Amino acid sequence: MFLYNQISIINLWANSQKTKDILQYTYYLYIYQYKSIFHHIQDIYYRKAKEDQFRARSAYKLLQIDDSFQIFRQVERAIDLCAAPGSWSQVLVKKLTEKNYLPSESCRIVSVDLQEMAPLDHVTQIQGDITKKTTVDEILKKFNYQRADIIVCDGAPDVTGFHDIDYYIQSQLIVAALNICLMTLRDNGIFVAKIFKGSDIKLLYSQFKLFFNQVYFMKPKSSRASSVEYFIICLQYTPKISTLNFHLYTFLKEIEQAEKQKQQEIIDQETEKEQLKYYKFITCGDLSGFDEN
Ligand SMILES: C[S@@+](CC[C@H](N)C(=O)[O-])C[C@H]1O[C@@H](n2cnc3c(N)ncnc32)[C@H](O)[C@@H]1O
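Before going into details, it helps to say that this report is about the structure given with it. (Residues numbered from 1 in each chain as written. Predicted model: local features only at pLDDT ≥ 70, side-chain atom pairs only at ≥ 80, totals over all residues.)

**Considerations on the overall build of the protein**
The test is simple: Counting from the N terminus, the helices are DSSP H or I runs at least four residues long and the strands are E runs at least two residues long. Put plainly, a residue is buried at 20 or more neighbouring C-beta atoms within 10 Å of its own, exposed at 12 or fewer, and partly exposed in between, counting only other residues' C-beta atoms, which are placed from the backbone. We call two residues in contact if the C-beta atoms placed from their backbones are at most 7 Å apart.
In terms of regular secondary structure, the protein is built from eight helices and seven strands. Burial analysis of the protein (293 residues in total) assigns 26% to the buried set. Long-range pairs, those at least 24 residues apart, make up 66% of the contacts in the protein with a sequence separation of at least 6.

As structure tokens, this is what we get:
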């Protein structure tokens, strides 16, 4: 009886604990939703984007970068990397239209993203990964092998919450974007990309300085103060050295890969040989009646 009472008290306590947990969870969910709705209502750029029919408030970041650096002064062909949902592409369309470079029969804006993006007039879309060489080939094909005047990249990985991993993936996107520049950007072209605060700014500066005459960092005022994002703005691309560097880099990489492959083949052959080795069968146990020959 005593034991039964104890069990029912524990059950009662556990049930009340569960209800408490559920109530607490619902409360947090409610606060979270309320906060994010409130955040949007408060956010002037969110409202402005709705009014100006931009697909995302990020459009203003690119517009503000342009206000400071006049990045669209001589732009006829543009590449938007990591473009979805497409507000930067909308800015590109707007800027090229102002200069009467659009509409045109030939392709002038190419946008790439892993995700499918709703169609946009004057924008040629590629659904692909910017870290893949095939994507670069596709971009070049769309431009009929002509080079771009500007490349923008607002790439951001799906944040895992593990800072090191997030920074690493973000930096890989920048490396991929830079590789695309090396293969598709014209002499004196412009490159703009999102970076994360906490990235090694000095290192980034010196690396990009190898390829561009001018390198700047900026946080547009439409970028939330709480966000870790910054932008790198690179002007006057100087392909002479960089293309050579890049070819040298790919050449060395190819050699490295070929060597790795060769080593792997040798290892595979060795293992296969080991496995095929003939082992003499030795019987064990009572061998008194056994004649080997
Ligand atoms: C912040 S959003 C870009 C917003 C966009 N600039 C705009 O204004 O609408 C980041 C995008 O990066 C894309 N992305 C992340 N990794 C990528 C990759 N490896 N290749 C292509 N796109 C990638 C994501 O799919 C996502 O749509």
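From this point on, the discussion continues.
**As for the sheet that holds strand β6 (residues 212–218)**
Our working definition: At least two DSSP bridges between two strands are needed for those strands to be called paired. Here an angle of 0 to 180 degrees is reported between the N-to-C directions of two axes, which are lines fitted to C-alpha atoms, with helices fitted over the stretch in contact.
Across the sheet, which stays open at both edges, the seven strands sit in the order β3-β2-β1-β4-β5-β7-β6 with mixed pairing between neighbours. Two strands bound the open sheet, and with one partner strand each, they are β3 (123–127) and β6. Along the sheet, successive strands turn relative to each other by an average axial angle of 15 degrees, direction set aside. In this sheet, β3 lies alongside strand β2 (residues 109–113) in parallel orientation, the contact comprising five bridges. Each residue of the ladder has a partner; that of Val 110, found in β3, is Thr 124. Contacting β1 (78–81), β4 (148–153), β5 (185–196) and β7 (229–237), helix α6 (residues 163–184) runs over the sheet at an angle of about 175 degrees to β5.

**Remarks on the site of the ligand**
Put simply, the rule reads: Defining nearness, a residue is near a molecule or strand when the C-beta atom obtained from its backbone falls within 6 Å of it. Residue polarity is assigned by list, with Asp, Glu, Lys and Arg as charged and Ala, Val, Leu, Ile, Met, Phe, Trp, Tyr, Cys and Pro as nonpolar; anything else, Gly included, falls into the polar class.
Around the ligand sit 23 residues in total, of which Ser 58, Cys 82, Ala 84, Ser 87 and Asp 154 are the nearest. Taken together, the residues that form the shell around the ligand break down as 13 nonpolar, six polar and four charged.

**Quick look at the nonpolar core**
Applicable threshold: We define a nonpolar core as a collection of buried residues of the types Ala, Val, Leu, Ile, Met, Phe, Trp, Tyr and Cys that are connected via C-beta atoms lying within 7 Å of each other.
Counting 53 residues, the largest nonpolar core has Leu 81, Ile 151, Ala 177, Phe 191, Val 192 and Ala 193 as the members making the most contacts within it. Per-element tally for this core: the top contributor is α6, with seven residues. Not counting residues within four places of it along the chain, the set of residues in contact with Ala 193 comprises Cys 153, Ile 174, Ala 177, Phe 231 and Ile 232.

**Things to note about the packing of helix α3 (residues 59–69) against helix α4 (residues 87–98)**
Each pair of packed helices can be summarised by the angle the axes make with each other and by the distance between the axes. For the record, the criterion: Under this scheme an angle from 65 to 115 degrees is roughly perpendicular, one under 35 degrees roughly parallel, and one over 145 degrees roughly antiparallel; angles in between are oblique. Helix crossings get a hand from a simple test, with the near helix turned counterclockwise from the far one by less than a right angle marking a left-handed crossing and a clockwise turn marking a right-handed one.
At a closest axis distance of 8 Å, the pairing of α3 and α4 adopts a crossing angle of 45 degrees. With respect to α4, the axis of α3 lies oblique. Handedness of the crossing formed by α3 with α4: right-handed. Of α4, the residues touching α3 (which contributes Ala 59, Leu 62 and Leu 63) are Ser 87, Trp 88, Gln 90 and Val 91. Residue composition of the contact of α3 with α4, by class: five nonpolar, two polar and no charged.

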